[in-house]
Amino acid sequence: MPGSTWMARWAGAVLCLAVAVIHVVDQGGITATRSPHYIGVAYHVLEIAAAVAAVLLLIGLVRLGWLLAAVVAIGPLLGYILSRGPGLPHYSDDIGNWTELLGLVSLAVEGALLLLSVPLFVRSLRRRTY
């Protein structure tokens, strides 16, 4: 396996884990659940998906790993926009809170993960690797 591919997979795994850590911190810990309940569940699903994506990338299941990594990046990006813009049902705490430091860090990490994962997922489709 070429070194650049291995490095990209490691970078993707680290970014996935960073997304998970950011959201664990934001929710107040691993066992905490944000309110409303559906937001808390979404956080936990995201954190698990990020960890699974990292593992898939590291063990070489790149097609599924990059696809899941892209989802891990897109989900919270959309959540950030919706929660700060129009708000979400029963959740208006973050409306207009566009400059929260942890949110901005999260955007940077998710943006980097998206820019890395999408082209590599497309490349994995062309190479027929699993």
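Note that the coordinates shown come from a computational prediction; the quantities given were computed from them, not determined experimentally. (Residues numbered from 1 in each chain as written. Predicted model: local features only at pLDDT ≥ 70, side-chain atom pairs only at ≥ 80, totals over all residues. Heavy atoms only, no water.)

**Q** Honestly, a nonpolar patch on the surface in this entry has me stumped. Any pointers?
**A** Together, Val-55, Ile-59, Leu-61, Leu-64, Leu-67 and Val-71 make up an exposed nonpolar region whose accessible area comes to about 520 Å². The set of elements that each furnish at least two residues to the nonpolar patch consists of helix 2 (37–59) and helix 3 (62–84). Per-element accounting of the nonpolar patch gives the leading share, 3 residues, to helix 3. Inspection of the secondary structure assignment puts Val-55 in helix 2. (Patch = residues over 30% accessible without salt bridge, like charges linked within 9 Å, V, L, I, M, F, W, Y side chains within 5 Å. Areas by Shrake-Rupley, 256 points an atom, 1.4 Å probe, with all protein chains shown as cover. Salt bridge = Lys/Arg side-chain N within 4 Å of Asp/Glu carboxyl O. Helix = DSSP H or I, 4+ residues; strand = E, 2+ residues; numbered from the N terminus.)

**Q** Help me understand the nonpolar core in this model?
**A** The tendency in soluble globular proteins is for nonpolar side chains to be buried side by side. Among the nonpolar cores identified, the biggest contains 22 residues, and Cys-16, Val-19, Trp-66, Ala-69, Val-72 and Leu-113 are the most heavily contacted of them. For this core, the leading source of residues is helix 1 (residues 3–27), giving 7 residues. Sequence-distant contacts of Cys-16, defined by excluding residues within four places in its chain, comprise Ala-50, Ala-53, Ala-54, Ala-69 and Leu-113. (Core = buried A, V, L, I, M, F, W, Y, C linked by side-chain atoms within 4.5 Å. Buried < 20%, exposed > 50% of the residue type's maximum accessible area, 1.4 Å probe, protein only. Contact = heavy atoms within 4.5 Å.)

**Q** Would you take a moment to explain the pattern of salt bridges for this structure?
**A** Any two side chains of opposite charge can pair if their charged atoms end up close together. All told, the structure shown has 3 salt bridges when counted by the stated rule. For Glu-100, the salt bridge identified is with Arg-84, shortest N-O distance 2.5 Å. Here Glu-100 is found in the loop between helix 3 and helix 4 (101–127), whereas its partner Arg-84 is found in helix 3, with 16 residues between them in sequence.

**Q** Mind showing me how you'd approach the packing of helix 2 against helix 3 here?
**A** Pairs of packed helices are described in terms of their axes, by the angle between the two and the distance that separates them. Contact pair helix 2 / helix 3: the axes reach a minimum separation of 8 Å and the direction vectors enclose 150°. Between helix 2 and helix 3, the angle is such that the two are roughly antiparallel. Viewed along their axes, helix 2 and helix 3 form a crossing whose handedness is left-handed. Facing helix 2, whose interface residues are Leu-46, Ala-49, Ala-50, Val-52, Ala-53, Leu-56 and Leu-57, helix 3 presents Val-62, Leu-64, Gly-65, Trp-66, Leu-68, Ala-69, Val-72 and Pro-76. Of the residues belonging to the contact of helix 2 with helix 3, the class tally is 14 nonpolar, 1 polar and no charged. (Axes fitted to C-alpha atoms, helices over the stretch in contact; angles between N-to-C directions. Parallel < 35°, antiparallel > 145°, perpendicular 65-115°, else oblique. Left-handed = near helix turned anticlockwise from the far one by under 90°. Nonpolar A, V, L, I, M, F, W, Y, C, P; charged D, E, K, R; others polar.)

**Q** Before we go on, may I ask you to explain the packing of aromatic side chains in this structure?
**A** Here the distance between the centres and the angle between the planes together describe a pair of aromatic rings. Throughout the structure, instances matching the rule amount to 2 aromatic pairs. Arranged with centres 5.8 Å apart and planes meeting at 80°, the rings of Trp-6 and Trp-10 form a pair that is edge-to-face. Of the two residues, Trp-6 and Trp-10 are both situated in helix 1; the distance of 4 residues between them amounts to about one turn of the helix. For Trp-10, a relative accessible area of 41% gives the class partly exposed. Considering the side-chain rings of Tyr-80 and Trp-98, the 5.8 Å spacing of their centres and the 70° angle between planes classify their relative orientation as edge-to-face. Of this pair, Tyr-80 sits in helix 3 while Trp-98 is found in the loop between helix 3 and helix 4, placing the two residues 18 residues apart along the sequence. Its relative accessible area of 38% is what places Trp-98 among the partly exposed residues. (Phe/Tyr/Trp six-rings, centres within 6.5 Å; stacked < 30°, edge-to-face > 60°.)

**Q** Looking at this structure, I do not really get unusual backbone geometry. What am I missing?
**A** The general pattern is negative phi for most residues beyond glycine and trans for most peptide bonds. Put simply, Ser-35 and Pro-36 share a cis peptide bond, and its omega is 0°. Locating Pro-36 in the fold gives a position in the loop between helix 1 and helix 2. With a phi angle near 60°, His-90 is a residue other than glycine that sits in the positive phi range. For His-90, the position within the fold is in the loop between helix 3 and helix 4.

**Q** When you look at helix 2 in this model, what are you seeing that I'm missing?
**A** Along an α-helix, residues three or four positions apart point the same way, because every turn accommodates 3.6 residues. A rise of 1.5 Å per residue sets the reference length of helix 2, with its 23 residues, at 33 Å; its end C-alpha atoms lie 33 Å apart and thus fit the reference within 8%. By the burial criterion, the buried members of helix 2 are Ile-39, Gly-40, Tyr-43, Leu-46, Glu-47, Ala-49, Ala-50, Ala-53, Ala-54, Leu-56 and Leu-57. A positive backbone phi angle near 100° is found at Gly-60, which sits one or two residues after helix 2. (Expected span 1.5 Å × (residues − 1).)

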